[in-house]
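# Tertiary structure, described
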Amino acid sequence: MRKFILALIIVLLAASTAQATIFMEWRADERFQYTLQGEYGDELVSWVEGFTSFFEEVQGLNEFRIQEAIAAPYHVMVFIDMEDLEAYSNLVNDPEYQAIAGKADYYHTAVNIHLWTRAPWAPETLYGNEELKGKDTVVLYIRANLNPDYAFVTPQGEELIGWAAGLVEQWAGFPGVVEASSHYLLAAGWQTLFTVRFEDLESWKAFQNDEDVKAARLDMRKYFDRIKTELWEPFHVTPESVIPVDVE
């Protein structure tokens, strides 16, 4: 088993350099005193505005956004998509970034950071409506663990890649979908993430109730386990993503 895991990690790390883009997911819970209902809400808003302004000048950025969980509004996530590992390294070593990000523990609890890279079945984001890029209002995340029988280094890996590529393409073409993408956790590639962004809540509802989508979600159990879903919306202070002009 150890040899299998080591081989999988080596393959995934090699693939990550080719696929380049690095998505940093920074999840946390807001301390109540800094929420809108808390006594120091304006202080958090000021920090968020400064954090967002900083990313307007970051080199190597694909997209920056802050989101909050629809069903748990104090649970927030900073979404930072960088061009490659070098851009990510430059970011986290930037003293200005460190100064701003260093206050995260002051305003939040349970800070958790994960690094993701493109899944081999979705090397690029697929757009249903690129004009709404960064302006979507509902985001569906589906997190899952890869079934070892269908790992990329196994004979059945190609079957998984083909199926998942078709799934992302199908979801990107669904009415009301702005974009669809998929990632795997860097250095632990058996953990995967499917992301579908919607124009509005009604589009998400239609997606959830579609029979083909239901069938695909059921088929997903063949290739993945520990499947979990999350629903997010843009943080009220930052309703749109920060996206550099040259990547729009």
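Refer to the preceding data block for the structure.
Residues numbered from 1 in each chain as written. Predicted model: local features only at pLDDT ≥ 70, side-chain atom pairs only at ≥ 80, totals over all residues. Heavy atoms only, no water.

Along any regular strand the residues' side chains alternate between the sheet's two faces. For strand 1 (residues 22–30) and strand 4 (residues 108–118), the ladder comprises eight bridges, and the chain directions are antiparallel. Note on strand 4: the bridge partner recorded for Ile 22 is Thr 117. The sheet contact formed by strand 4 and strand 7 (residues 177–185) spans three bridges and is antiparallel. Bridge assignment links Arg 118 to a residue of strand 7, and that residue is His 183. (Pairing = 2+ DSSP bridges. Helix = DSSP H or I, 4+ residues; strand = E, 2+ residues; numbered from the N terminus.)

Right, let's talk about the pattern of salt bridges for a bit. Applying the stated criterion across every chain, the model contains eleven salt bridges. Put simply, Glu 63 and Arg 197 hold a salt bridge, and the shortest N to O gap is 2.8 Å. With Glu 63 in strand 2 (residues 61–69) and Arg 197 in strand 8 (residues 191–198), the pair connects residues that are 134 residues apart, well separated along the chain. A salt bridge links Arg 197 to Glu 179, with the shortest nitrogen-to-oxygen separation between them at 3.6 Å. Here Arg 197 is found in strand 8, whereas its partner Glu 179 is found in strand 7, with 18 residues between them in sequence. Across the pair, exposure class does not vary: Arg 197 and Glu 179 are buried alike. Among the charged side chains, a network of salt bridges with common partners joins Glu 63, Arg 65, Asp 136, Glu 179 and Arg 197. (Salt bridge = Lys/Arg side-chain N within 4 Å of Asp/Glu carboxyl O. Buried < 20%, exposed > 50% of the residue type's maximum accessible area, 1.4 Å probe, protein only.)

Attention now moves to unusual backbone geometry. One non-glycine residue, Ala 110, adopts positive backbone phi at about 55°. For Ala 110, the location among the structural elements is in strand 4. A relative accessible area of 54% places Ala 110 in the exposed class. Although it is not a glycine, Arg 226 adopts a positive phi angle of roughly 50°. Residue placement: Arg 226 occurs in strand 9 (residues 224–234).

Enumeration according to the criterion identifies 26 aromatic pairs in this entry. Arranged with centres 5.3 Å apart and planes meeting at 85°, the rings of Phe 54 and Phe 55 form a pair that is edge-to-face. Its relative accessible area of 9% is what places Phe 54 among the buried residues. Accessibility expressed as a relative area gives 1% for Phe 55, which makes it buried. Ring centres of Phe 198 and Phe 207 lie 5.2 Å apart, and the angle between their planes is 65°; on these two criteria the pair is classed as edge-to-face. Residue class for Phe 198 comes out buried when judged on its relative accessible area of 0%. Residue classification places Phe 207 among the buried positions, given a relative accessible area of 0%. (Phe/Tyr/Trp six-rings, centres within 6.5 Å; stacked < 30°, edge-to-face > 60°.)

Along its 15 residues, helix 2 (residues 41–55) runs 22 Å from first to last C-alpha, staying within 8% of the 21 Å computed at 1.5 Å per residue. Taken together, the buried positions of helix 2 are Gly 41, Leu 44, Trp 47, Val 48, Phe 51, Thr 52, Phe 54 and Phe 55. All buried residues of helix 2 lie within an arc of 155° about the axis, which places them on one face of the element. (Expected span 1.5 Å × (residues − 1). Arc of directions from axis to C-beta.)

Formed by 32 residues in total, the largest nonpolar core has its most connected members in Trp 121, Trp 171, Phe 194 and Phe 224. Of all the secondary-structure elements, those providing two or more residues to this core are strand 6 (138–146), helix 6 (157–172), strand 7, strand 8, helix 7 (201–209) and helix 8 (211–223). Considering each element in turn, this core owes the most residues, seven residues, to helix 6. The contacts of Trp 171, once residues within four sequence positions are left out, are Ile 142, Val 177, Ala 180, Phe 194, Val 196, Phe 207, Val 213, Ala 216, Arg 217 and Met 220. (Core = buried A, V, L, I, M, F, W, Y, C linked by side-chain atoms within 4.5 Å. Contact = heavy atoms within 4.5 Å.)

Below, the discussion takes up the packing of helix 6 against helix 8. Contact geometry of helix 6 with helix 8 gives a least axis separation of 11 Å together with a crossing angle of 155°. Between helix 6 and helix 8, the angle falls in the class roughly antiparallel. Between helix 6 and helix 8 lies a crossing of left-handed hand. Contact residues: Glu 159, Leu 160, Trp 163, Leu 167, Gln 170 and Trp 171 in helix 6; Asp 212, Val 213, Ala 216, Arg 217, Asp 219, Met 220, Lys 222 and Tyr 223 in helix 8. Residue classes in the contact of helix 6 with helix 8 are distributed as eight nonpolar, one polar and five charged. (Axes fitted to C-alpha atoms, helices over the stretch in contact; angles between N-to-C directions. Parallel < 35°, antiparallel > 145°, perpendicular 65-115°, else oblique. Left-handed = near helix turned anticlockwise from the far one by under 90°. Nonpolar A, V, L, I, M, F, W, Y, C, P; charged D, E, K, R; others polar.)

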